[in-house]
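Each chain, written out:
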Amino acid sequence: MCGKEFDIWDEQENFCFEHKVGYGSIHDGEQVSLNLCCDCFDKVIDIVAPMCQVNPLSEV
Ligand SMILES: [Zn+2]
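The text that follows walks through the structure, step by step, so that each part is easy to find. (Residues numbered from 1 in each chain as written. Predicted model: local features only at pLDDT ≥ 70, side-chain atom pairs only at ≥ 80, totals over all residues. Heavy atoms only, no water.)

1. What to know about the environment of D42
By the secondary structure assignment, D42 is in helix α2 (residues 38-48). Linking D42 and H27, residues 15 residues apart in sequence, is a C-alpha distance of 25 Å. (Helix = DSSP H or I, 4+ residues; strand = E, 2+ residues; numbered from the N terminus.)

In structure tokens:
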């Protein structure tokens, strides 16, 4: 997302989302390939989590 080269922490976490989009989405026929460094993952989850009815985050 930010374009930086992944460091060891980013490689270790390996936040990635790969999905071929099908019917039901306006992105039908497209492919999503999202690879995030730790900083970008934090940014994305901090935007997405408050929008969720069910919290996607939990303690492990
Ligand atoms: Zn990044």
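2. Concerning the coordination of the zinc ion
Distances from the zinc ion to its protein donors, C2 (SG), C37 (SG) and C40 (SG), fall within 2.1 to 2.3 Å. Mapped onto the polypeptide sequence, the residues donating to the zinc ion form the spacing pattern C-x34-C-x2-C. Of this pair, C2 sits in the segment before α1 (8-13) while C37 sits in the loop between β2 (31-36) and α2, placing them 35 residues apart in sequence. When its relative accessible area of 1% is taken as the criterion, C37 is described as buried. (Donors = N, O, S within 2.8 Å, 3.2 Å for Na, K, Ca; no water. Buried < 20%, exposed > 50% of the residue type's maximum accessible area, 1.4 Å probe, protein only.)

3. Some words on the pattern of salt bridges
Throughout the structure, instances matching the rule amount to two salt bridges. Of the charged contacts in the structure, one is a salt bridge between D7 and K4, with a shortest N-O distance of 3.6 Å. A residue is classified by how much of its surface remains accessible, and D7, at 32% relative accessible area, is partly exposed. On the basis of relative accessibility, which here comes to 34%, the residue K4 falls in the partly exposed class. Here K4 makes a salt bridge to D10, at a shortest N to O gap of 3.0 Å. Residues joined in a network through salt bridges with shared partners are K4, D7 and D10. (Salt bridge = Lys/Arg side-chain N within 4 Å of Asp/Glu carboxyl O.)

4. Structural notes on unusual backbone geometry
Positioned with a positive phi, N14 is a non-glycine residue whose angle comes to about 50°. As for its placement among the helices and strands, N14 is situated in the loop between α1 and β1 (15-20). When its relative accessible area of 44% is taken as the criterion, N14 is described as partly exposed.

5. Examining the environment of Q53
Mapped onto the elements of the fold, Q53 is located in the segment after α2. Look at Q53 and you get exposed, because its relative accessible area is 82%.

6. Examining the environment of E18
Tracing the sequence through the fold places E18 in strand β1. For E18, a relative accessible area of 49% corresponds to the partly exposed category. As for E18 and I47, which are separated by 29 residues in sequence, their C-alpha atoms are 20 Å apart. Those residues within four positions of E18 in sequence are excluded, and the remaining contacts are Q31, V32 and S33. Within the local environment of E18, its side chain forms a polar contact with the side chain of Q31, the two groups lying 3.4 Å apart. Of the polar contacts made by the side chain of E18, one reaches the side chain of S33; its length is 3.3 Å. (Contact = heavy atoms within 4.5 Å. Polar contact = N/O pair within 3.5 Å; in protein donor to acceptor, adjacent residues only side chain to side chain.)

All quantities given are derived from atomic positions and should not be read as evidence of function.
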